[in-house]
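Observations on the three-dimensional arrangement
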Amino acid sequence: MSQTEGQSTNPTSNGNLNNRNGSNGVVYPSFASHRLRLNPSVDHKSDNYEDLHLDFSPLLFSSLERYLPPAFLNSSRDQKVNYMREILLRYFPEGERSRVQKHREYRQKIISNYQPLHRELYTMHAANFFVPSFLKAISENTEESYRNIMSEPSPGVLTFEMLQPRFCEMLLAEVENFERWVRETKFRIMRPNTMNKFGAVLDDFGLETMLEKLMEDFIRPISRVFFTDVGGSTLDSHHGFVVEYGMDRDVDLGFHVDDSEVTLNVCLGKQFSGGELFFRGVRCEKHVNTETQPEEIFDYSHAAGRAVLHRGRHRHGARATTSGQRINLLLWCRSSVFRELRKYQKDFSSCCAECQREKKERQRQAVAATKLELLKREGKTAT
């Protein structure tokens, strides 16, 4: 969806016309040539789209708006929606849209019938959720303020105190209440991912809005500082869930990468032993199964309320929980802008340690070859 900066953006220019309705019923022309800019308008303040019934997340439209061609930035909100929607529809197949609609209906069925235990969890109450040190760092919003509360025991793995014990207790109780309702009603729920057989998707029973605020107001500011290379400043969607480990639950989790740009992992409790996370370096898709280097090996022991933040492409897994029960909150944060731009920018070597090693090796070989050639020339000159 990149475009040349000077490309025409006149809404009435020639193109393939397909009329579509704006959200106020006005018909706007549609063009197959619609494109986004490669670089965003940093100072532009995007519109809010949360009051509209749209095919895609309102946050997605707010994020994409800064990438609109300059001539479109001051257009009406309906014109901007129409322009961005046309772009999104090109990359979002009908089958996928149908799947999303069915999932939306599935969620609505749960939310209409499930009675929450702790309603205060469903809206963001930062002072009640987070420890003071975390809130102070967020309010100052500087790299220094974040560094003051964080440790980085391995490159790209950030750990810090985040959640208050009371919040952890309430969320654990809410999950237990939801799972009790599932058993009593015999409602079939979707598990968090293809690897975990236990746990629940928090978005599915009403916590989507709260988690959206968590990503937008608390995780995105940190990611903007530490994970810009993977779209940390443009995170606009999430997948929020809990995973459960124990002798009668999932015991461990194999070596994998996440379907995210940035992953937040916070231990909620309970009493347990084992269950350490093991990290093995950041890899692109090409190198995901390549050998781990000694400096990339890092193991992390969970503590309730303490968060781990890392790139989704950082290879990791979980060792066996040998006693008790461990429950973690996971938030996979994604950037639609970053994912789309990846289709047009082939060099993402800065994200992958193996790509960097290969590049350094090529440079070393080139330098060695140049030196050898110079030595040969000097030898010929001497004779």
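Note that the structure is predicted; figures quoted are calculated from it, not measured. (Residues numbered from 1 in each chain as written. Predicted model: local features only at pLDDT ≥ 70, side-chain atom pairs only at ≥ 80, totals over all residues. Heavy atoms only, no water.)

**Focus: the overall build of the chain**
The condition that has to hold: Numbering of helices and strands runs from the N terminus; a helix is a DSSP stretch of H or I covering at least four residues, while a strand is a stretch of E covering at least two. Think of it in three bands: residues with accessible area under 20% of the maximum for their type are buried, residues over 50% are exposed, and the middle band is partly exposed, with areas taken using a 1.4 Å probe on protein chains only. The contact definition used throughout considers only heavy atoms, calling two residues in contact when any of these lie within 4.5 Å. Surface exposure here means Shrake-Rupley accessible area, sampled with a 1.4 Å probe, where a residue is shielded only by the protein chains that are shown.
Assigned secondary structure in the chain consists of 10 helices and 14 strands. Buried positions account for 49% of the 383 residues belonging to the chain. In the chain, 79% of the contacts between residues at least 6 apart in sequence involve partners at least 24 apart. Summed over its atoms, the accessible surface of the chain is roughly 19500 Å², and 50% of this surface lies on carbon and sulfur atoms.

**Considering the layout of surface pockets**
What counts, and what does not: In this analysis the probe radius is 1.4 Å and the grid spacing 1 Å, with only protein atoms considered; a cavity is a set of points the probe fits into but cannot get out of, a pocket is an open set with protein on both sides within 12 Å along at least five of seven lines, and lining residues have an atom within 4 Å of a point. Grid points are joined across faces, edges and corners, and a volume is the space filled by probe spheres set on the points.
In this model, the second largest pocket occupies a volume close to 410 Å³. Around the second largest pocket, the lining is made up of 19 residues, and of these Ser46, Leu59, Ser62, Glu216 and Arg220 lie nearest the centre. For the lining of the second largest pocket, the secondary structure elements donating two or more residues are α1 (58-65) and α8 (208-226).

**Here we look at the environment of asparagine 196**
Secondary-structure assignment places asparagine 196 in the loop between α7 (165-185) and β5 (199-201). In the structure, asparagine 196 is positioned 48 residues away from glutamate 244 in sequence and 8.3 Å away in space, judged by C-alpha atoms. Sequence-distant contacts of asparagine 196, that is, excluding residues within four places in its chain, are made with Arg191, Val243, Tyr245, Asp250 and Leu253.

**A short note on the packing of aromatic side chains**
Applicable threshold: Working definition: rings of Phe, Tyr and Trp (its six-membered ring) pair if their centres are within 6.5 Å, and the pair is stacked with planes under 30 degrees apart, edge-to-face with planes over 60 apart, and tilted otherwise.
This structure, assessed with the given rule, holds 19 aromatic pairs. Each ring, one from tyrosine 49 and one from phenylalanine 61, has its centre 5.8 Å from the other, and the planes form 40 degrees; the classification is tilted. One end of the pair, tyrosine 49, is in the loop between β2 (27-28) and α1; the other, phenylalanine 61, is in helix α1, with 12 residues separating them in the sequence. Among the residues examined, tyrosine 49 registers a relative accessible area of 0% and is labelled buried.

**Things to note about the side chain of histidine 239**
How we decide: Think of a polar contact as two N or O atoms within 3.5 Å of one another; within protein, one of them needs to be a possible hydrogen donor and the other a possible acceptor, and neighboring residues in sequence only count if both atoms come from side chains.
Note on placement: histidine 239 falls in strand β6 (residues 237-246). Of the residues examined, histidine 239 reaches a relative accessible area of 14% and is grouped as buried. Engagement of the side chain of histidine 239 in a polar contact is seen with the backbone oxygen of proline 192, the distance being 2.8 Å. Residues contacting histidine 239, with those up to four places away along its chain left out, are Pro192, Val201, Asp203, Leu330, Leu331, Trp332 and Arg334.

**Thoughts on the sheet that holds strand β7 (residues 253-256)**
Threshold: By the convention used here, strands pair only if DSSP detects at least 2 bridges between them. With axes taken as lines fitted to C-alpha atoms, and helix axes fitted only over the stretch in contact, angles between N-to-C directions fall between 0 and 180 degrees.
Read across the open sheet, the 4 strands follow the order β7-β13-β10-β11; overall the sheet is antiparallel. The strands lining the two open edges of the sheet, one partner per strand, are β7 and β11 (297-300). On average, each strand axis in the sheet is tilted by 20 degrees relative to the strand beside it, whichever way the strands run. Both strand β10 (residues 277-282) and β11 contribute to a ladder of 4 bridges, which runs antiparallel. Pairing of arginine 280 across the sheet is with isoleucine 297, part of β11.

**Quick word on the pattern of salt bridges**
Once the charged atoms of two side chains with opposite charge are near each other, the side chains can pair. Defined as follows: Salt bridge, as used here: a side-chain nitrogen of Lys or Arg that lies within 4 Å of a carboxyl oxygen of Asp or Glu.
Under the counting rule described, the total for this entry stands at 24 salt bridges. Of the charged contacts, one joins aspartate 47 and lysine 80 as a salt bridge, the two residues approaching to 2.8 Å between their closest N and O atoms. Placement of aspartate 47 in the loop between β2 and α1 and of lysine 80 in helix α2 (residues 77-90) is noted, with a sequence separation of 33 residues between them. What makes aspartate 47 partly exposed here is its relative accessible area of 27%. Note on lysine 80: relative accessible area 3%, which makes it buried. Its salt-bridge partner being lysine 213, residue aspartate 217 comes within 3.0 Å of it at the nearest N-O pair. Linking aspartate 217 with lysine 213, this pair stays in helix α8, spanning 4 residues, or about one helical turn. In this structure lysine 213 comes out as partly exposed when scored by relative accessible area, which is 34%. Several salt bridges converge on common partners, so that one network encompasses Arg283, Glu295, Glu296, Glu354 and Arg357.

**A few points about α7**
The criterion, for reference: By definition here, a helix of n residues has an expected span of 1.5 Å times n minus one.
Taking 1.5 Å of rise per residue, the 21 residues of α7 would be expected to cover 30 Å, and the 30 Å separating its terminal C-alpha atoms lies within 8% of that figure. Those residues of α7 lying buried are Phe167, Cys168, Met170, Leu171, Leu172, Glu174, Val175, Asn177, Phe178, Glu179, Trp181 and Val182. Lysine 186 sits one or two positions beyond α7 and adopts a positive phi of about 55 degrees.

**Some words on the packing of helix α5 (residues 132-140) against α8**
In plain terms, the rule: By the definition adopted for this analysis, an angle is roughly parallel if under 35 degrees, roughly antiparallel if over 145, roughly perpendicular if from 65 to 115, and oblique otherwise. Here a crossing is taken to be left-handed if its near helix is turned anticlockwise relative to the far helix by less than a right angle, and right-handed if that turn runs clockwise. Only Asp, Glu, Lys and Arg are considered charged, only Ala, Val, Leu, Ile, Met, Phe, Trp, Tyr, Cys and Pro nonpolar, and every remaining residue, Gly among them, polar.
Running from N to C, α5 and α8 point in directions that differ by 65 degrees, and their axes come no closer than 10 Å. The angle between the axes of α5 and α8 places the two elements in the roughly perpendicular class. Handedness of the crossing formed by α5 with α8: left-handed. Contacts from Phe134, Leu135 and Ile138 in α5 reach Asp217, Phe218 and Ile222 in α8. Split into classes, the residues belonging to the contact of α5 with α8 amount to 5 nonpolar, no polar and 1 charged.

**A closer look at unusual backbone geometry**
A cis amide bond links glycine 269 to the next residue, lysine 270, at an omega of 5 degrees. Within the secondary structure layout, lysine 270 lies in the loop between β8 (262-269) and β9 (272-274). Although it is not a glycine, asparagine 141 adopts a positive phi angle of roughly 55 degrees. Checked against the element boundaries, asparagine 141 lands in the loop between α5 and α6 (143-149). Residue asparagine 141 is classed as partly exposed on the basis of its relative accessible area, which comes to 38%.

By themselves, these are just geometric observations and shouldn't be taken as functional.
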